[in-house]
Amino acid sequence: MGSPVSSDPTKRPRIGIIPRYSKDESEMKWFDAPGFNPIHVINAWDEDDGNAMVMVAPNILSVEHTLERMDLVHALVEKVRIDLKTILVTRQPISTRNLDMVVINPAYVAKRNKYVYAAVADPMPKISGVVKLDVSKGDLEECTVGSRMYGAAGCYGGEPFFI
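All chains use their own residue numbering, which begins from 1 and follows the written sequence. Only residues with pLDDT of at least 70 are given local features in this predicted model, and only at 80 or more are side-chain atom pairs given and counted; all residues enter the totals for whole chains, interfaces and linings. With hydrogens and water stripped out, all remaining heavy atoms of the structure feed into the side-chain values.

1. Let's talk about the nonpolar core
Inference 1: The biggest cluster of nonpolar side chains holds 16 residues, and the ones touching the most others in it are Ile42, Val77, Leu99 and Val116.
Inference 2: Think of it this way: any DSSP run of H or I at least four residues long counts as a helix, any run of E at least two long counts as a strand, and we number them from the N terminus. Breaking this core down by element, the ones donating at least two residues are strand S4 (52–60), strand S7 (99–103), strand S8 (115–121) and strand S9 (127–134).
Inference 3: Top contributing element to this core by residue count: S8, with three residues.
Inference 4: Core analysis: the next-biggest nonpolar cluster, separate from the first, contains 10 residues, Ile17, Ala33, Met53 and Ile82 among them. Side-chain atoms within 4.5 Å link the members of a nonpolar core, which is a set of buried Ala, Val, Leu, Ile, Met, Phe, Trp, Tyr and Cys residues. The buried label goes to any residue with under 20% of its type's maximum accessible area, the exposed label to any with over 50%, and the partly exposed label to all in between, with areas taken from a 1.4 Å probe on protein chains only.

The following block contains the structure:
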């Protein structure tokens, strides 16, 4: 029995968007996103009067190792912007750390949010700390605004949650 997750390097990752008030899936639009392998999407919201969509999600850089060699998996949190008129997909790294299981204040689901809270997977799947990231910061700015590493050797935590 093989892994329940696999990848096909001959195929290009895509993002599917269906309008909020669609009657059925026929209105789904697909956008090519080469190299983007998201898991656990954190949040997404509309911008520019509905002409753009922004999504924040961890991108698995080494997708071929998912569930087979977890110690080799690296999840880079990215902000992805899709211009729905020009079909242009742009990606901006939020943090280069190995982060996963990211949460937000549930009051901001489908709305622009500023902060996300992520588990530091060092090494994956062991959670060695938690970071707070500011996703509103621009290109090339450090987005980590706070962190708490567990410190003790052999001490690991679990998935963060918002209270």
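Resuming the write-up.
2. Section: the pairing of S8
Inference 1: Counting buried positions along S8 yields five of seven residues, so the element is predominantly enclosed.
Inference 2: When DSSP finds two or more bridges between two strands, those strands count as paired. As paired strands, S7 and S8 are joined by three bridges and run antiparallel to one another. When the bridges of S8 are listed, Val103 appears paired with Tyr117.
Inference 3: The sheet contact formed by S8 and S9 spans seven bridges and is antiparallel. The residue bridging Val116 from the neighbouring strand is Leu133, located in S9.

3. Let's talk about the pattern of salt bridges
Inference 1: We define a salt bridge as a side-chain nitrogen of Lys or Arg found within 4 Å of a carboxyl oxygen belonging to Asp or Glu. Scanning the model with the defined rule gives seven salt bridges in all.
Inference 2: Between Asp32 and Arg12 there is a salt bridge, and its shortest N-O distance comes to 3.4 Å. Of this pair, Asp32 sits in strand S2 (residues 29–32) while Arg12 sits in the segment before strand S1 (14–17), and the two are 20 residues apart along the sequence.
Inference 3: Notably, a salt bridge pairs Glu78 with Arg91, separated by 2.7 Å at the nearest N-O pair. A residue pair is termed long-range when its members are at least 10 positions apart, and Glu78 in strand S5 (residues 75–83) and Arg91 in strand S6 (residues 89–95) qualify at 13 residues.
Inference 4: A relative accessible area of 3% means that Glu78 is categorised as buried.
Inference 5: Accessibility expressed as a relative area gives 35% for Arg91, which makes it partly exposed.
Inference 6: If you follow the salt bridges from partner to partner, you end up with Glu47, Asp48, Arg81 and Arg112 in one network.

4. Thoughts on the sheet that holds strand S3 (residues 43–47)
Inference 1: Here four strands make up an open sheet; going across it, the order is S3-S4-S5-S6 and the pairing antiparallel. A strand with exactly one partner marks an edge of an open sheet, and here the two such strands are S3 and S6. Neighbour-to-neighbour, the strand axes of this sheet turn through a mean angle of 25°, independent of strand direction.
Inference 2: Where S5 and S6 come together, six bridges link them in antiparallel fashion. Considered in S6, the bridge of Glu78 is made with Pro93. Fitted lines through C-alpha atoms serve as axes, helices being fitted only where they are in contact, and the angles separating the N-to-C directions of these axes extend from 0 to 180 degrees.

5. As for the layout of surface pockets
Inference 1: Any residue with an atom within 4 Å of a point lines the site, the site being either a cavity, points on a 1 Å grid over the protein atoms alone where a 1.4 Å probe fits but cannot get out, or a pocket, an open set with protein on both sides within 12 Å along at least 5 of 7 lines. Grid points are joined across faces, edges and corners, and a volume is the space filled by probe spheres set on the points. In this structure, the largest pocket encloses a volume near 450 Å³.
Inference 2: Taken together, 19 residues line the largest pocket, and the ones lying closest to its centre are Ile17, Ile18, Pro19, Asp46 and Met53.
Inference 3: Secondary structure elements with two or more residues in the lining of the largest pocket: S1, S2, S3 and S4.
Inference 4: Broken down by element, the residue count for the lining of the largest pocket peaks at four residues, all from S1.

6. Quick look at unusual backbone geometry
Inference 1: In the Ramachandran plot, Asp48 falls in the positive-phi region, its phi being about 50° despite a non-glycine side chain.
Inference 2: When you line up the elements, Asp48 lands in the loop between S3 and S4.
Inference 3: The class for Asp48 is partly exposed, based on a relative accessible area of 45%.
Inference 4: The backbone of Ile87 shows a phi angle near 65°, a positive value even though the residue is not glycine.
Inference 5: Here Ile87 is to be found in the loop between S5 and S6.
Inference 6: What makes Ile87 exposed here is its relative accessible area of 53%.

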